[in-house]
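# Understanding the architecture of this molecule
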Amino acid sequence: MNNSLIASIPDLHFSHPAVKTALTRRPRRNRRTAALRGLVQETHLHPSQLIAPVFILEGDNRRQEIKSMPGISRYSVDLLIEEATALYELGIRAIDLFCYTPNEKKDAQASEAIRPGNLLQTALRRLRQELPDMCLMVDVALDPFTDHGHDGIVNEQGEIDNDLTLPVLAQMSLLAAEAGADIVAPSDMMDGRVAYIRQILDQGGHQHVGILSYTAKYASAFYGPFRDALHSAPKFGDKKTYQMNPANSREALLECQLDEQEGADLILVKPALPYLDVIVKIKEQTALPVGAYHVSGEYAMVMAAAQNGWLDADRVFEESLLSIKRAGADFILTYAARRVAEYQRKR
């Protein structure tokens, strides 16, 4: 620095009244050491607050890597047990199951979703036997099982028929409950499905099974890798008649209010990072636990950048999940669950 410039700077000693007043408070004092930073940390991220989405497929000793989601695979049930055990030992005590359905088992009515003894029931029963203390969640939606890739039944007019879809979702939920699911998670965004599912579960003697409602699931561009993982992209049109408009947030509050009235036990916002404002607003409105889904596109972007050496994936994932927690999420579904838990354990 130029000596003349240095000479022009006022003498900032503590006898200077203005400086003394300005520096009475020094926030940096609380950042000085790791111990101090830990004492005043406002938001905490623990593996027990994470839910790991897991893709399952038929067969034995099968593991298929998903190219658009580096580090994520589909697992046959035997290998699913190994993966779930590893997650449990890392402190991740909840998983959410998504079924990969081969094309020959898909049809317009999503028949495989409600077939007793299907892959989902088989996986749940094995998991309940091998890991009795793991919280088992299941995705309830028809798009992995329909040949058209939509989350509902298509009527004769070519529309996604809300009311025709509800009994199928409820039957799928009932089968999951019978096989040992703790929570069913309807992600379809049909109107009234929470009340319909709650009624069927209660009538079947499964009052203890909870409902995690995808309250605000947006028609997002961030779902591409997920649809690749399940081969569930819609064959016609889009999902904008049932998933929410990304421009809306007050509508999410209405959806939350309705789901509460219908008997939801937990509320979910999907995706997470582009909708932190929605998480904040819903958290302020409801007394129910609020979660967020850190989705496939959010995961894949970080992994792609990391593979190019542009950023540190572990640090970015932890920072991202902390921001979701800071916005008010009580729990987070994330494909980075295992990676973040391993990263935290190493430190």
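Let me sum up the structure you'll find in this document. (Residues numbered from 1 in each chain as written. Predicted model: local features only at pLDDT ≥ 70, side-chain atom pairs only at ≥ 80, totals over all residues. Heavy atoms only, no water.)

## Some words on empty space enclosed by the protein
Which entries qualify depends on this criterion: Think of a 1 Å grid over the protein atoms and nothing else: a 1.4 Å probe that fits but is trapped marks a cavity, an open set flanked by protein within 12 Å on at least five of seven lines marks a pocket, and residues with an atom within 4 Å of a point count as lining. Grid points are joined across faces, edges and corners, and a volume is the space filled by probe spheres set on the points. By the criteria applied, helices consist of DSSP H or I runs no shorter than four residues and strands consist of E runs no shorter than two, each listed in order from the N terminus. Note that Gly is not counted as nonpolar here; it falls among the polar residues with everything else outside the nonpolar set of Ala, Val, Leu, Ile, Met, Phe, Trp, Tyr, Cys and Pro and the charged set of Asp, Glu, Lys and Arg.
Scanning the model with the defined rule gives three cavities of 30 Å³ or more in all. A volume near 100 Å³ is recorded for the largest cavity. The wall of the largest cavity is formed by 16 residues, among which Asp-143, Lys-217, Phe-226, Lys-239 and Lys-270 lie closest to the centre. Counting only elements with at least two residues in the lining of the largest cavity, the list comes to strand S9 (210–217) and helix H8 (224–230). Here the lining of the largest cavity gets three residues from one element, more than from any other, and that element is H8. Around the second largest cavity, the lining residues are Glu-58, Cys-99, Tyr-100, Thr-101, Pro-102, Lys-105, Glu-112, Asn-118, Leu-119 and Phe-145. Of the residues in the lining of the second largest cavity, the class split is five nonpolar, two polar and three charged.

## Considering the layout of surface pockets
A water-sized probe rolled over the atoms picks out the places where empty space is left. Approximately 300 Å³ is the volume attributed to the largest pocket. Gly-71, Ile-72, Glu-83, Tyr-335 and Arg-338 are, among the 21 residues lining the largest pocket, the residues nearest its centre. Every element with two or more residues in the lining of the largest pocket is listed here: strand S1 (50–56), strand S3 (73–75), helix H4 (77–89), helix H11 (296–307) and helix H13 (337–346). Considering only residue class, the lining of the largest pocket consists of 13 nonpolar, three polar and five charged.

## Quick word on the pattern of salt bridges
The criterion, for reference: Here a salt bridge means any side-chain nitrogen of Lys or Arg lying within 4 Å of a carboxyl oxygen belonging to Asp or Glu. To sort residues, take the accessible area from a 1.4 Å probe on protein chains only and compare it with the maximum for the residue type: under 20% means buried, over 50% means exposed, and anything in between is partly exposed.
Applying the stated criterion to the full structure yields 14 salt bridges. Between Glu-112 and Arg-115 there is a salt bridge, with the nearest N and O atoms lying 2.8 Å from each other. In this structure, the salt-bridge partner of Arg-198 is Asp-265, at a minimum N-O distance of 3.7 Å. One end of the pair, Arg-198, is in helix H7 (residues 193–203); the other, Asp-265, is in the loop between helix H9 (250–262) and strand S10 (266–270), with 67 residues separating them in the sequence. Exposure remark for Asp-265: the relative accessible area of 33% places this residue in the partly exposed category. Taken together, the shared-partner salt bridges in this structure form one network comprising Glu-83, Arg-338 and Glu-342.

## Structural notes on the side chain of Asp-143
The line we're drawing: Polar contact is the term for a pair of N or O atoms within 3.5 Å; when the atoms are in protein, one must be able to donate a hydrogen and the other to accept it, and sequence-neighboring residues count only if both atoms are side-chain atoms. Contacts are assigned to residue pairs with any non-hydrogen atoms lying within 4.5 Å of each other.
Checked against the element boundaries, Asp-143 lands in the loop between strand S5 (135–140) and strand S6 (153–154). For Asp-143, a relative accessible area of 6% corresponds to the buried category. A distance of 3.3 Å separates the side chain of Asp-143 from the side chain of Lys-239, its partner in a polar contact. Not counting chain neighbours up to four residues away, the residues in contact with Asp-143 comprise Gly-149, His-150, Asp-151, Ser-232 and Lys-239.

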